[in-house]
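Residues per chain, in single letters:
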Amino acid sequence: MIILSKLTDIFEYLAKRHRLLPWLLAYVLLLPLPFVLAGLFNEYLIDLVNRICLFILLAVGLNIVKGFCGQVTVGHIGLYAIGAVTSAVLSLEPGGFGGALGFGWPVWLAIPTAVMVTAFAGLIIGLPSVRLQGAYLALATLGLGESVRIFIAVTPALGSSTGLMMIPSPSVGSFTLDSFTSYYYIVMTAALFGIYFSFSILRSATGRAFQAIREDTTAAAVNGINVIKYKLLAFVFSAVYAGLAGALFAHMPPGYLHHNNFTVIEMVTLLLMVVLGGIGNVWGGVIGAIVVAIAYDQTKDLVFYFMDRPIVIQPLVFGLSMVLLVMFMPRGIGGWIEDFQRNRRFIRRSEERLSGSTRNT
Amino acid sequence: MALLETLNLSKSFGGLQAIDNVSLRVDENSVHGLIGPNGSGKSTFFNLLTGVYQPDIGSHISFNNIDITNKPAHYIASQGLARTFQLLRLYGELSVLENVLVGYHPHTKYGPLAPLIMGAEVRRQDKLVKEEMMDLLEFIGLAEHAEIPAAELSGGQRRLLALGRAIAMKPKMLLLDEPGAGLSPVNVDNLMATILTLKERYNLTIVVVEHILKVVMATCDTISVLDHGQKISEGSPTFVKNDPAVVEAYLGREMADEDIRAAMNS
Ligand SMILES: Nc1ncnc2c1ncn2[C@@H]1O[C@H](COP(=O)(O)OP(=O)(O)O)[C@@H](O)[C@H]1O
Ligand SMILES: [Mg+2]
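Per-chain numbering applies: the sequence of each chain, read as written, is numbered from 1 onward. Chain letters start at A and ligand numbers start at 1, both assigned in the order the entries are written. Local features in a predicted model are, by the rule used here, given only for residues with pLDDT of at least 70; side-chain atom pairs are given and counted only at 80 or more, and totals for whole chains, interfaces and linings are based on all residues. As a convention, hydrogens and water are excluded, and side-chain values are obtained from all of the structure's heavy atoms.

All names here are of chain B. The full set of residues close to ligand 1 is Phe13, Leu16, Ala18, Pro37, Asn38, Gly39, Ser40, Gly41, Lys42, Ser43, Thr44 and Tyr53. Any pair of nitrogen or oxygen atoms within 3.5 Å is treated as a polar contact; in protein, a donor-acceptor pairing is required on top of that, and neighbouring residues in sequence qualify only through side-chain atoms on both sides. In the environment of ligand 1, an oxygen atom lies 3.0 Å from a nitrogen or oxygen atom belonging to the backbone of Gly41. In short, Shrake-Rupley with a 1.4 Å probe defines the accessible areas, and a residue's cover is counted only from the protein chains shown. Relative to its unbound accessible surface of 570 Å², ligand 1 loses 63% to contact with the protein. Sorting elements by how many residues they give to the shell around ligand 1 places helix α1 (residues 42-49) first, with three residues. Of the residues assigned to the shell around ligand 1, the class counts are five nonpolar, six polar and one charged. If even one non-hydrogen atom of a residue comes within 4 Å of a molecule or strand, that residue is called near it. Where helices and strands are cited, they refer to DSSP runs of H or I of at least four residues and of E of at least two residues respectively, numbered from the N terminus. Side-chain classes follow a simple rule in which Ala, Val, Leu, Ile, Met, Phe, Trp, Tyr, Cys and Pro form the nonpolar group, Asp, Glu, Lys and Arg form the charged group, and the remainder, Gly included, forms the polar group.

Structure, rendered in structure tokens:
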């Protein structure tokens, strides 16, 4: 607690000097991470960190539509799939394995195009939110998201059962970013920018419009907010995050993707991150993404034998944790963070009042 | 001059005629009272004016010489028609300041994508708007609670915030749905005084629904009376309180409300 408090003090001090200083500091601190990990542990952990960065992008993006704007969506992983497959197919050489499509675009052109395609798909996944709410909206978005996966699974041009292989890596000049370490700098930068932009949105009139819709849609409309426009905008914002995460996933070493990367269990994992993080809290979502991604990685191969039959228990564990979380920790980690911030504010106000009164006497 | 005008305004919910052919004019700069027994359609009337409900076919509403019939709520709001809700409907988890900032939304000078591309300009604008909104909070006496979530305010403070959020929209006309509900008579008097100062300061036209008739009689220029969704009387406070139809509507329901009796007899 005290460490956290000191850390916040440092960041707040820096933020007073210049708004971007804390971000710069965070970036600099994160630069040597792959070397530390490789030195202390092994290369594999860098890969894990890379995947965590993608999950942070996904969770922070999902948080915009679900946390800020209050729209229940279970189709987010479908957007991730669209981003991944679009970027992969655009950048693959024509005439690849197993009839997979390929257009041979440069990777740096494929990624932004994939993000734009995903943004448009986000608009479509968001359309049911104009008329539906709550569980109905969840069902509609789940249907749309899952149909994306099935479409990929049955379409040879998009990889179907074999998946898409040898997706090219991006390169800077003559240097190809095809190692875990070099790719880390792409995904880490993307994740940090993602978090930063999420705060920019939250603290603007746009973010307040999202939150007003979440709190009371009728009141928001009467306050002059075009509810449909802002709901769809929230879906598009979150789709941009998902599309970027997906595209970066496609080009991440080893450059392979399969429709199994986009199942409902991945969606549950993603929701778990946001729920654990505390709906609507950006840092909570980031921490949730880190914790759940590590837990996911650790339990992935956990097999339990029942009468000599192997049983993979991860889906059960994750489904169950979701239920328990919602029941016993509805505000998530974000709830703690908010309490912590409020305590600090309260203490600061009391201190100001005290010093004010001593000055008066 | 009429700022707001309805012509044959009707709304039925299934078989229930909640608003029945109501034609009504509200003059610019007036304080117009809307009274009637519980369930007579006062809140529904406001919901129709502000686009929360769609009126039945054949209805017409014009505001500031613009036809707003069947227009979406956010459009009507942007034309300068603001309201409060009987049950307030504040944004509970947002701070007091954020609540009034949402009210300011129609006047935001940057587009919804601007926060991503022109951060500095957005921050400059937001700073100016925040100062303006703090002035407003100062005026209604909520400035020291600016950072507190709206849900944590006391009942009276919540009513003030609902008022502040509507004023932040810089409306031409303000519809108040039972602004003093749940307050003690003394506090209702104070609230009405605040409302009248706000009216002068922001140059507003006001329509107020209030069930304490004494308050309505004392503050309104004109009063319209609804019963079973129909307009049964309209005129100056003296005219309305002596109108047999009004007395009938209230007493005919055997409403043993001391306030009403007192108002009728005074
Ligand atoms: N959304 C709705 N659906 C069905 N009936 C409604 C709805 N809103 C209001 N009513 C009915 O319309 C009538 C008028 O209600 P209301 O306008 O709230 O009255 P008042 O505000 O004068 O007390 C009541 O009988 C109420 O039950
Ligand atoms: Mg009412």
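Attention shifts here to the coordination of the magnesium ion (ligand 2). Residues and elements named next belong to chain B. Listed as protein donors to the magnesium ion (ligand 2) are Ser43 (OG) and Gln86 (OE1); their distances from the metal cover 2.1 to 2.2 Å. Of this pair, Ser43 sits in helix α1 while Gln86 sits in the loop between β6 (81-83) and α3 (96-103), and the two are 43 residues apart along the sequence. Only protein chains enter the accessibility calculation, which uses a 1.4 Å probe; a residue is then buried when its area is under 20% of its type maximum, exposed when over 50%, and partly exposed in between. According to the relative accessible area criterion, Ser43 is partly exposed, its value standing at 23%. Note: metal donors comprise N, O and S atoms at 2.8 Å or less from the metal (3.2 Å for Na, K and Ca); water molecules are not included, so apparent gaps in a site are possible.

Let us now look at the domain arrangement of chain B. Residues and elements named next belong to chain B. Where a domain begins and ends is set by an automatic assignment or by a domain database. On domain assignment, one finds that chain B holds domain 1 (1-80 + 171-266) and domain 2 (92-169). The gap between the C-alpha centroids of domain 1 and domain 2 is 27 Å. Opposite the 16 residues of domain 1 that make contact, domain 2 presents 11 residues. Throughout, the accessible surface (probe 1.4 Å) given up by two parts as they are put together, summed over both, is called the buried area. Of the roughly 1200 Å² buried at the junction of domain 1 and domain 2 (both faces included), carbon and sulfur atoms supply 79%. Area buried by domain 1 at its contact with domain 2 is led by Pro171, Leu198 and Arg201, which between them contribute 34% of it. Any two residues whose heavy atoms approach within 4.5 Å are treated as being in contact.

A word on α1 of chain B. Given 3.6 residues per turn, any residue in an α-helix points the same way as the ones three and four places further on. Residues and elements named next belong to chain B. Most of α1 sits inside the fold, with seven of its eight residues counted as buried. Within α1 the residues assigned to the buried category are Lys42, Thr44, Phe45, Phe46, Asn47, Leu48 and Leu49. Just downstream of α1 lies Gly51, where phi reads positive at about 80°.

Attention now moves to the nonpolar core. Ranked by internal contacts, the top residues of the largest apolar core, which has 103 residues, are Leu164, Phe210, Leu248, Leu257 and Leu270 of chain A. The element that contributes the greatest number of residues to this core is helix α4 (residues 43-68) of chain A, accounting for 16 residues. Residue assignment places this core across two domains, with domain 2 (33-262) and domain 3 (263-361) of chain A each supplying three or more. Beyond its immediate stretch of four places on either side in the chain, Leu164 of chain A contacts Val85, Ala88, Val89, Leu92, Ala100, Ala157, Leu158, Gly159, Gly255, Tyr256 and Leu257 of chain A. Counting 51 residues, the second-largest nonpolar core is a separate cluster that includes Val31, Val96, Leu136 and Val188 of chain B. To define a nonpolar core, start from buried Ala, Val, Leu, Ile, Met, Phe, Trp, Tyr and Cys residues and group those joined through side-chain atoms within 4.5 Å.

Our focus in this paragraph is the sheet that holds strand β4 (residues 60-63) of chain B. Residues and elements named next belong to chain B. Taken in spatial order, the four strands line up as β2-β1-β4-β5 in an open sheet, and their pairing is antiparallel. Edge strands, defined here as strands with exactly one partner in the open sheet, are β2 (16-27) and β5 (66-67). By the convention used here, strands pair only if DSSP detects at least 2 bridges between them. Looking at chain direction, strand β1 (residues 2-13) and β4 are connected through four bridges and run antiparallel. When the bridges of β4 are listed, Thr6 appears paired with Ile61.

Let us look at a nonpolar patch on the surface. All names here are of chain A. Patches were defined on residues exceeding 30% relative accessible area and lacking a salt bridge, with like-charge contacts within 9 Å and nonpolar side-chain contacts (Val, Leu, Ile, Met, Phe, Trp, Tyr) within 5 Å. When a carboxyl oxygen of Asp or Glu lies within 4 Å of a side-chain nitrogen of Lys or Arg, that pair is called a salt bridge. A surface patch of nonpolar side chains, amounting to about 500 Å² of accessible area, comprises Phe120, Leu123, Ile124, Leu127, Val130 and Ile228. Considering the arrangement of structural elements, one finds Leu127 in the loop between α6 (107-126) and α7 (134-154). The class of Leu127 is partly exposed, set by a relative accessible area of 45%.

With that settled, consider the confidence of the model for chain A. Per-residue confidence from the predictor is given as pLDDT, running between 0 and 100. For chain A, mean pLDDT is 86; residues scoring 70 or higher make up 97% of the total. Helix α10 (residues 217-222) of chain A holds the highest mean pLDDT among the elements of chain A, 97, whereas helix α15 (residues 332-360) of chain A holds the lowest, 74.

Right, let's get into the sheet that holds strand β3 (residues 31-35) of chain B. All names here are of chain B. Taken together, six strands build an open sheet; the order of strands is β6-β7-β8-β3-β9-β10 and the sheet is mixed. Unpaired on one side and paired on the other, β6 and β10 (230-235) mark the two borders of the sheet. Mean inter-strand twist for the sheet, computed between neighbouring axes without regard to direction, equals 20°. As paired elements, β3 and strand β8 (residues 205-209) share four bridges and run parallel to each other. Helix axes are fitted to C-alpha atoms over the stretch in contact, other axes to C-alpha atoms as well, and angles between N-to-C directions run from 0 to 180 degrees.

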